[in-house]
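Each chain is listed here by its residues.
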Amino acid sequence: MLKSRRVDLILSKLKSCVRWPLFWIVVRQPAVEAVAARWKVINWEEWEKKINDIKITKEDMNKLVMNFLLIEGYVDAAEKFYMETGTEHIDLTTVTDRMAVKSAVESENVAEAIEKLKVLNPKILDTNRQLFFRLQQQRMIELIKNGKNEEALDFGKELLAPMCEENQSFLKDLERTVSLLAFESVEDKPHLRELLDMSRCLNIASDLNAAILTNQGLLKEANLRTLVTLFYFWQTLLLDLAIYPVISRTTKFDYVDLSALS
């Protein structure tokens, strides 16, 4: 009874943040069945029948694929998929523009990214000052990496210093960035070396992409990625309720029949 209530509680919490019918078809139905039959050993034949009994419409699957292509920025593939399936069409221009901004940051060209973003929607940076600061900080880092130290200092004084006066929490990051100018090499200084790491650019680009998606009224992550995450969450939870074939975390999604080990 306690575990049943635990599942119901988690279900209710997830329902408030997951507004996708396919999730409840694929995940909730087996969860409820497992609660009713907890501690039951379900062999492969029974499990396969349960999976085959779950009906997912082609329309839902097409929407899932299209959502993934749009959120991830695969414009050409989305256009071809639309032509083949007739799935609800979305203006792909906004996707192209969003990916152009993201690509500019990943290419360490923040100045270009900001200009493109101003055309796409200038309010995004006005309403997200922390993201704006990180972009401008990255722009200063790019100048330092290119050996333009004096230009970097002037940039910091003119643009970043005033932002630090508005928000004191930015000051530490600015000081760290300026510290890059004091050393010929930062290999033995991890707190400074990370500023020059490419992963920083990629993280900023990802956060900027998420901000644009939110501004456009879209989810930050594709439904398919969310579904996979929730799938593994529920698979782990259901192992406390029943023994059944599980999918291992491999690219091939291999089944492991735990019932054969019971």
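Residues numbered from 1 in each chain as written. Predicted model: local features only at pLDDT ≥ 70, side-chain atom pairs only at ≥ 80, totals over all residues. Heavy atoms only, no water.

A. Seen up close, the packing of aromatic side chains. As enumerated under the stated definition, the model contains four aromatic pairs in all. Seen in terms of ring centroids, Phe-133 and Phe-170 are 4.4 Å apart; in terms of plane orientation they differ by 10°. Their pairing is stacked. Separated by 37 residues along the polypeptide, Phe-133 in helix H9 (residues 129-145) and Phe-170 in the loop between helix H10 (149-166) and helix H11 (171-179) bring together distant segments of the chain. By the burial criterion, Phe-133 is buried, and Phe-170 matches it. Centroid distance Phe-233 to Trp-234: 5.8 Å. Interplanar angle 80°. Geometry classified as edge-to-face. Phe-233 gets classed as partly exposed once you look at its relative accessible area, which sits at 36%. Under the relative-accessibility criterion, Trp-234 is labelled buried at 2%. (Phe/Tyr/Trp six-rings, centres within 6.5 Å; stacked < 30°, edge-to-face > 60°. Helix = DSSP H or I, 4+ residues; strand = E, 2+ residues; numbered from the N terminus. Buried < 20%, exposed > 50% of the residue type's maximum accessible area, 1.4 Å probe, protein only.)

B. A look at a negative patch on the surface. Residues Glu-150, Glu-151, Asp-154 and Glu-158 make up a contiguous surface patch of negative charge. Inspection of the secondary structure puts Glu-151 in helix H10. (Patch = residues over 30% accessible without salt bridge, like charges linked within 9 Å, V, L, I, M, F, W, Y side chains within 5 Å. Areas by Shrake-Rupley, 256 points an atom, 1.4 Å probe, with all protein chains shown as cover. Salt bridge = Lys/Arg side-chain N within 4 Å of Asp/Glu carboxyl O. Lys, Arg positive; Asp, Glu negative; His and termini not counted. Charge placed at Lys NZ, Arg CZ, Asp CG, Glu CD.)

C. Representation of the side chain of Asn-209. Inspection of the secondary structure assignment puts Asn-209 in helix H13 (residues 198-215). Judged by its relative accessible area of 9%, Asn-209 falls in the buried class.

D. Structural context of the confidence of the model for the protein chain. Considering every residue of the protein chain, the mean pLDDT works out to 82; 79% of them sit at 70 or more. When mean pLDDT is compared element by element in the protein chain, H9 scores highest at 95, while helix H1 (residues 2-17) scores lowest at 50. Counting contacts from residues 13-20, a segment whose pLDDT is below 50, to residues more than four positions away or on other chains yields 13 contacts. (pLDDT = per-residue confidence, 0-100. Contact = heavy atoms within 4.5 Å.)

E. Representation of the packing of helix H5 (residues 75-85) against helix H6 (residues 92-106). With their axes 10 Å apart at the nearest point, H5 and H6 run at an angle of 165° to one another. On the basis of their axis angle, the class for H5 and H6 is roughly antiparallel. Here H5 and H6 pass one another in a crossing that is right-handed. Contacts between H5 and H6 involve Val-75, Ala-78 and Glu-79 from the first element and Leu-92, Val-95 and Thr-96 from the second. (Axes fitted to C-alpha atoms, helices over the stretch in contact; angles between N-to-C directions. Parallel < 35°, antiparallel > 145°, perpendicular 65-115°, else oblique. Left-handed = near helix turned anticlockwise from the far one by under 90°.)

F. Up close: the packing of helix H7 (residues 110-120) against H9. Interhelical geometry of H7 versus H9 gives an angle of 145° and a closest axis separation of 9 Å. Residue-level contacts link Val-110, Ala-111 and Ile-114 of H7 to Phe-132, Leu-135, Gln-136, Gln-138, Arg-139 and Glu-142 of H9.

G. Focus on the pattern of salt bridges. Applying the stated criterion across every chain, the model contains 12 salt bridges. Note that Lys-63 is salt-bridged to Glu-59, the shortest N-O span being 3.5 Å. In this pair, Lys-63 and Glu-59 both sit in helix H4 (residues 58-72), four residues apart, roughly one turn of the helix. On the basis of relative accessible area, Glu-59 is assigned to the exposed category, the value being 52%. Of the charged contacts, one joins Lys-145 and Glu-108 as a salt bridge, the two residues approaching to 2.5 Å between their closest N and O atoms. Taken together, the residues Lys-145 in helix H9 and Glu-108 in the loop between H6 and H7 connect sequence positions 37 residues apart.

H. Layout of H7. What H7 keeps buried is the set Val-110, Ala-113, Ile-114 and Leu-117. Along the axis of H7, the buried positions cluster into a sector of 100°, meaning they face one direction only. Against H6, helix H8 (123-126), H9 and H13 lie the buried residues of H7. (Arc of directions from axis to C-beta.)

I. Quick look at the nonpolar core. Grouped together as the largest cluster of nonpolar side chains are 33 residues, with contacts concentrated most on Leu-135 and Leu-208. Put simply, the parts of the chain that give this core at least two residues each are H6, H7, H8, H9, H10, helix H12 (190-196) and H13. Ranked by size, the runner-up nonpolar core spans 13 residues in total, among them Leu-69, Ile-71, Val-75 and Val-95. (Core = buried A, V, L, I, M, F, W, Y, C linked by side-chain atoms within 4.5 Å.)

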